[in-house]
Amino acid sequence: MDIKTLTITQAKKDLKAKKYSSVELTRAYLERIKHVDKQLNAFITVTEDEALHMAEEADKKLTKGNNASLLGIPVAMKDMYLTKGTKTTAASKVLENFIPQYDATSVKKLKEAGVVILGKLNCDAWAHGSSGENSDFGPTKNPFNSDYVPGGSSSGSAVSVAADMTLFATGTDTGGSIRQPASFCNVVGLKPTYGRVSRFGIVAMASSLDSVGHITKTVEDNALVLNITAGQDNNDGTTPDVKVKDYTKNLKTGVKGLKIGVPKEYFIQGINPKIKELTENALKTLEKQGAQLVEISLPHTKYAVAVYYIIMPSEVSSNLARYDGIRYGRDRSTFGSEAKRRIMLGTFALSAGYYDAYYNKAMQVRTLLRKDFEKAFEKVDVMITPVSPTPPFKLEEKTNDPLAMYLSDIFTVTLNLTGNPGLSVPIGFVDGLPAGMQIIGPHFSEDLLYRVGYAYEKENPLYLKKPNL
Ligand code: GLN
């Protein structure tokens, strides 16, 4: 088995054909973690014994011909996902010794589908960040060049998949935290429609923006995982009763006749010229395959970062209030400076006298952003933009400049404000470091995003380009 080129799709076939067992597969990943994670710091907790036990159980079921969709497939969980009996820290010292008593809904569903959990992944503490540097457990490094950041906040998720320490990983995306690290690490990341995947049992960041998704090597793998995690959940009132599609069904239909919108506000001054060029090349590839490119306008785009950085901290300040030293232990606050900054910003934005000027205004502009999207999707099927205006930056380059860090979210936060789904797909390298495009669709159109992503990936299978580790 060559774990560097292995995909979920392939491993499923191999396990069924008994080319290797799930225990052998799991051991290969555990070895790989031991070999490369000292350099990269993607894991906070490795659950070796539990993983081998789960793999043994999977092997027994495989022998009996059990057809569970992800039977014996290794996964690692962002440490924002509650895992029964396994420490869940949100990468913060506040929860350093917290052991949940139940599984998040998506963890439960993945377990039922037969996965083998390898451990819990590093991230920016409380998922606050765009670089992975805000973790209380040390920064995660980019596997393509360890002087650079892997993106964040799902830093460990993107790195563990890119460096072949797992076959797939789970993540959360409140302002870009799945899509941006996926693009910085040459892997595929989906932020589903708000409410498509249950938030129950995920440490809450900003509840009206939080989306639960995952990172894989290929588009097809991503669709396979969403087939399991998507759906209504009685424990999360924001998951609507919308039918879950088979996301692999129309994957290979191609893009002929599809209208792809190119929002002019996303190709602005200040965007790295090489990122712009790679995105335009990707668009040309899709055009050659029969898609039609249409220039469109999303006129309120310029307000998105400002709106996000009012609404998000307002919700953060409310959600973090439960870590007051009473409910989860610890008699003194050990919040890091980023969490403190957000608590203060949010408390200020919500305070009497300022509420109308900030929070209320931001909510009004949020509606305008949503209308921009609704209007655009009357004309086009999907839209394509860069994921990030720049390639991965150097470690510590932006840690002392929160505003510069916040601006790296410029192309991703809008989807969280509007609830639309976005898929990050690799499109090439800038000076040896990866870049991705963002495919955006109407609410609940994940199948369409996968179709476009698959068509591009088939032409340009960048997942085969691996870091030198
Ligand atoms: N980078 C954004 C922030 O710092 C997004 C975080 C996220 O999506 N969890 O808020």
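Note that the structure is predicted; figures quoted are calculated from it, not measured. (Residues numbered from 1 in each chain as written. Predicted model: local features only at pLDDT ≥ 70, side-chain atom pairs only at ≥ 80, totals over all residues. Heavy atoms only, no water.)

One open sheet accounts for eleven strands, arranged β1-β3-β2-β4-β6-β5-β10-β11-β9-β7-β8; its pairing is mixed. If you trace the sheet from one side to the other, it starts and ends with β1 (43-46) and β8 (292-296), each paired once. Taken over all neighbouring pairs, the strand axes of this sheet differ in orientation by 30° on average, direction set aside. Summarising the sheet, strand β5 (residues 188-191) and strand β10 (residues 422-430) pair through three bridges and their orientation is antiparallel. Within the sheet, the bridge partner assigned to Gly189 lies in β10 and is Ser424. (Pairing = 2+ DSSP bridges. Helix = DSSP H or I, 4+ residues; strand = E, 2+ residues; numbered from the N terminus. Axes fitted to C-alpha atoms, helices over the stretch in contact; angles between N-to-C directions.)

For any two helices packed against each other, the geometry is given by the interaxial angle and the distance between the axes. Following both chains from N to C, one finds helix α4 (residues 105-112) and helix α7 (residues 219-229) inclined at 110°, their axes separated by 9 Å at the closest point. As far as their axial angle goes, α7 and α4 are roughly perpendicular. Pair α4 / α7 crosses with right-handed handedness. Across the interface between the two elements, Ser106, Lys109 and Leu110 from α4 touch Val225, Ile228 and Thr229 from α7. (Parallel < 35°, antiparallel > 145°, perpendicular 65-115°, else oblique. Left-handed = near helix turned anticlockwise from the far one by under 90°. Contact = heavy atoms within 4.5 Å.)

As enumerated under the stated definition, the model contains six cavities of 30 Å³ or more in all. Taken as a whole, the largest cavity spans an internal volume of roughly 80 Å³. As for the largest cavity, its lining consists of 13 residues, of which Gly129, Gly175, Ser177, Tyr308 and Asp409 are closest to the centre. Of the residues assigned to the lining of the largest cavity, the class counts are four nonpolar, seven polar and two charged. When its volume is computed, the second largest cavity comes out at roughly 50 Å³. As for the second largest cavity, its lining consists of Met80, Ala127, Thr172, Thr174, Arg199, Ile202, Val203, Ala204, Met205, Asp210, Ser211 and Val212. Broken down by class, the residue content of the lining of the second largest cavity amounts to seven nonpolar, three polar and two charged. (1 Å grid on protein atoms, 1.4 Å probe; cavity = no way out; pocket = protein on both sides within 12 Å on 5 of 7 lines; lining within 4 Å. Points joined across faces, edges and corners; volume = space filled by probe spheres on them. Nonpolar A, V, L, I, M, F, W, Y, C, P; charged D, E, K, R; others polar.)

This part is about the site of the ligand. Inspection of the region around the ligand gives 16 residues, with Ser130, Thr174, Gly175, Ser177 and Tyr308 positioned closest. Between a nitrogen atom of the ligand and a side-chain N or O atom of Ser130, the distance comes to 2.8 Å. For the ligand, an oxygen atom lies 3.4 Å from a polar atom in the side chain of Tyr309. Bound to the protein, the ligand loses 100% of the 290 Å² it would expose on its own. Judged by the proximity of its atoms to the pocket grid, the ligand belongs to the largest cavity. When its residues are assigned to classes, the shell around the ligand shows five nonpolar, eight polar and three charged. (Near = heavy atom within 4 Å. Polar contact = N/O pair within 3.5 Å; in protein donor to acceptor, adjacent residues only side chain to side chain. Areas by Shrake-Rupley, 256 points an atom, 1.4 Å probe, with all protein chains shown as cover. Sits in = over half its atoms within 2 Å of the grid points.)

A separate point is the pattern of salt bridges. If you walk through the whole model with that rule in mind, you get 17 salt bridges. One salt bridge in this structure joins Lys19 and Asp14, with 3.8 Å as the shortest N-O distance. A relative accessible area of 61% means that Lys19 is categorised as exposed. With its nearest N and O atoms 3.9 Å apart, the salt bridge here joins Lys276 to Glu280. Taken together, the residues span about one helical turn, with Lys276 and Glu280 both in helix α8 (residues 273-288) at a distance of four residues. When its relative accessible area of 30% is taken as the criterion, Lys276 is described as partly exposed. (Salt bridge = Lys/Arg side-chain N within 4 Å of Asp/Glu carboxyl O. Buried < 20%, exposed > 50% of the residue type's maximum accessible area, 1.4 Å probe, protein only.)

Moving on: the packing of helix α9 (residues 304-319) against helix α10 (residues 337-350). Interhelical geometry of α9 versus α10 gives an angle of 105° and a closest axis separation of 7 Å. As the angle between them shows, α9 and α10 are arranged roughly perpendicular. Where α9 approaches α10, its residues Tyr309, Ile310, Met312, Pro313, Ser314, Val316 and Ser317 are matched on the opposing element by Arg342, Ile343, Leu345, Gly346, Thr347, Ala349 and Leu350. By residue class, the composition of the contact of α9 with α10 is nine nonpolar, four polar and one charged.

These figures capture arrangement, not role.
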